[in-house]
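# Inside the fold
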Amino acid sequence: MDYLQINGGKKLSGDVIISGAKNSALPIIASTILSNKEIKLTNLPNVVDIRTLLKLLTMLGGEVNHDKTTAIINNSSINNTKAVYEIVSQMRASILVLGPLLARFGECEVSLPGGCAIGQRPIDLHLKALEAMGAKIEIRGGYVRAEAPNGLIGAKIIFDKITVGGTENIIMAASLAKGVTTIINSAREPEVVQLCEMIESAGVKITGIGTSVLTIEGTDGKPLDFKDIEIIPDRIEAGTYLCAGAITNSSITLHRVNYEHIRASVSKLEEMGCSFNIDKDNITINPTEHLKAINLITTEYPGFPTDMQAQFMSVLIMANGESIIEERLFENRFMHVSELNRLGADIWLKGNIAAIRPIDKLYSADVMATDLRASSALVLAGLVADGTTNVHRIYHLDRGYDDLEGKLLKLGADIVRLKK
Ligand code: UD1
């Protein structure tokens, strides 16, 4: 199994190009099921999750021509509507095929994604919304079996809780439904916006894009004809490199960034004393010797993202006072705390609140990644820990970071991928 070996203490400098957003690419790949024509996707991140979802499309009978950052997909040949456990269990986001398969074929079976390291993550809101649109849903043998033989019908959906994946599934389902669907309390993440824009450019009328109330006028079963699409920059990858600059007291310039999308992370780093130069789609973080302690709460976009919580925790270990982090989205998203404490951090945890107390230094150790963002937090800590840190179980990292060690190496980090 691969692991990363990092010799801490190196200053970083230079440039990094931000890849396309995994969390935008995934629903966009799923949405290609709504079409029976060829579509080209560019600026895909070269990560395992993308390959997993593209593999699922081929298992359904779609044709996929994939080369690192580009995929040409033609789903006119789909002849199977069962998304099997072997794929869905590898990646929870595979549940995103549920809405489009049901909308286009009137039936499908999708394995239940089950729990995951960061919490229960149920899909009840996805299912309830599809039922409101006329779907008959049954859970049997670990699968969601959904049917709507006469097509889905537009409905008024009120999400009890803001759900990114739930909003995306319903947007896709609604685009082929009969009549108008209104989604109240929808997610507003940039990834949801890009999905809406893609579907809108295929002729579906959508109002309220980027707000918490969306209305979608469905095509009554007519497949969509998409235009080619370039995936937006990954705001979480960008935030992670800004954290790398902050924790190592270095200057790093990020290219191909959408500043609007990373505003919450930038403003929290500013509160910590960091400064930035912003020029079009480039952003430079300047060296900051003394980081200030801050408090942060994870919320939905445009608030501070839960996907940046672990990386900020690593940076806050080096701040000059006690910081508090409150995790509001996932009940168990503090698995990195015990690993960071193994490196010498002093983090105290109660429920969904963590207190990060100042320390003089981190010391290297063997640590184990528990989920995608926790992995990058451990790498960040390794960049400043005294000695050689080995980060194990980096298959989590490979799911969502495009060449993290290659990009860090280019910035001057002493990092290498090894096999055990
Ligand atoms: C997406 C992102 C993930 C990010 C998360 C929150 C992708 C592929 N993944 O995940 O990186 O951390 O948004 O920003 O885009 N919930 C329910 N019932 C449901 C659905 C969700 O209770 O049916 C709860 C979840 O357990 C969680 C909260 O709602 O507590 C938000 O989850 P959701 O926004 O759905 O996250 P994902 O779409 O899975």
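The structure reproduced in this document is the subject of the present report. Please read all numbers here as calculations on a predicted model, not as lab measurements.

### Focus on the overall build of the protein
Within the protein one finds 14 helices and 24 strands. Taking 420 residues into account, the globule formula puts the C-alpha radius of gyration at 22 Å, and the protein, at 21 Å, falls close to it. Principal-axis analysis of the C-alpha atoms gives the protein an extent of 65 × 45 × 40 Å. Counting the 420 residues in the protein, one finds 55% classified as buried. Sequence-distant contacts, at least 24 apart, represent 73% of the contacts inside the protein between residues at least 6 apart. Surface summary for the protein: the accessible area is close to 16500 Å², and the carbon and sulfur share equals 48%.

### A look at the nonpolar core
For soluble globular proteins, the rule of thumb is that nonpolar side chains tend to be buried together. Met133 and Ile199 are the most contacted members of the largest nonpolar core, which totals 75 residues. Looking at this core, the element that brings in the most residues is helix α2 (residues 48-60), giving six residues. In this structure, Met133 is in contact with Leu152, Ile153, Ala155, Ile157, Ile170, Ala173, Ala174, Ala177 and Thr181, ignoring residues within four places of it in sequence. Membership of the second largest hydrophobic core comes to 64 residues, among which are Ile236, Cys243, Ala365 and Ala385.

### Quick notes on the packing of helix α1 (residues 22-31) against α2
Taken N-terminus to C-terminus, the directions of α1 and α2 make an angle of 5°; their axes are 10 Å apart at the nearest point. Overall, the two elements α1 and α2 adopt an arrangement that is roughly parallel. In this structure, α1 uses Lys22, Ala25, Leu26, Ile29 and Ala30 to contact α2, whose residues at the interface are Asp49, Ile50, Leu53, Leu54 and Leu57. Along the lines of polarity and charge, the residues of the contact of α1 with α2 split into eight nonpolar, no polar and two charged.

### Concerning the sheet that holds strand β12 (residues 205-207)
An order of β10-β11-β13-β12 is seen for the four strands of this open sheet, with the pairing classed as mixed. Each of the sheet's edge strands pairs with one partner strand only, and the pair in question is β10 (156-158) and β12. This sheet shows a mean twist of 15° between the axes of neighbouring strands, independent of strand direction. As judged from the three bridges shared by β12 and strand β13 (residues 213-217), these two strands associate in the antiparallel manner. For Ile206, the partnering residue across the bridge sits in β13 and is Ile216.

### Topic: the sheet that holds strand β3 (residues 38-42)
Read across the sheet, four strands follow the order β4-β5-β3-β14 without closing on themselves; strand pairing throughout is mixed. In the strand order of this sheet, the two ends are held by β4 (63-67) and β14 (229-230), each with one partner.

### A short note on the environment of Tyr301
Here Tyr301 shows up in the loop between β18 (295-297) and α10 (309-317). We classify Tyr301 as buried; its relative accessible area is 18%. For the pair formed by Tyr301 and Leu96, sequence separation is 205 residues and the distance between their alpha carbons is 20 Å. Excluding its chain neighbours within four sequence positions, the residues that come into contact with Tyr301 are Arg188, Glu189, Pro190, Arg235, Glu260 and His261. A distance of 3.4 Å separates a polar side-chain atom of Tyr301 from the backbone oxygen of Glu260.

### Regarding unusual backbone geometry
A cis amide bond, omega 10°, links Tyr301 with the succeeding residue Pro302. Here Pro302 lies in the loop between β18 and α10. Positive phi is not limited to glycine here, since Lys68 has a value of about 55°. Assignment of secondary structure puts Lys68 in the loop between β4 and β5 (70-74).

### Digging into the site of the ligand
Around the ligand there are 19 residues in total, and Asp124, Thr163, Val164, Asp307 and Leu329 lie nearest to it. One of the side-chain N or O atoms of Arg92 is found 3.3 Å from an oxygen atom in the ligand. The contact in question runs from an oxygen atom of the ligand to an N or O atom on the side chain of Thr163, over 2.7 Å. Relative to its free-state accessible area of 750 Å², the ligand is covered by the protein chains to the extent of 89%. Listed by contribution, the elements that provide at least two residues to the shell around the ligand are α5 (124-132) and α6 (164-175). With three residues, the top contributor of residues to the shell around the ligand is α5. Per-class residue counts for the shell around the ligand are eight nonpolar, five polar and six charged.

Cut-offs and rules
Residues numbered from 1 in each chain as written. Predicted model: local features only at pLDDT ≥ 70, side-chain atom pairs only at ≥ 80, totals over all residues. Heavy atoms only, no water. Helix = DSSP H or I, 4+ residues; strand = E, 2+ residues; numbered from the N terminus. Rg over C-alpha atoms; globule rule 2.2 N^0.38 Å. Buried < 20%, exposed > 50% of the residue type's maximum accessible area, 1.4 Å probe, protein only. Contact = heavy atoms within 4.5 Å. Areas by Shrake-Rupley, 256 points an atom, 1.4 Å probe, with all protein chains shown as cover. Core = buried A, V, L, I, M, F, W, Y, C linked by side-chain atoms within 4.5 Å. Axes fitted to C-alpha atoms, helices over the stretch in contact; angles between N-to-C directions. Parallel < 35°, antiparallel > 145°, perpendicular 65-115°, else oblique. Nonpolar A, V, L, I, M, F, W, Y, C, P; charged D, E, K, R; others polar. Pairing = 2+ DSSP bridges. Polar contact = N/O pair within 3.5 Å; in protein donor to acceptor, adjacent residues only side chain to side chain. Near = heavy atom within 4 Å.

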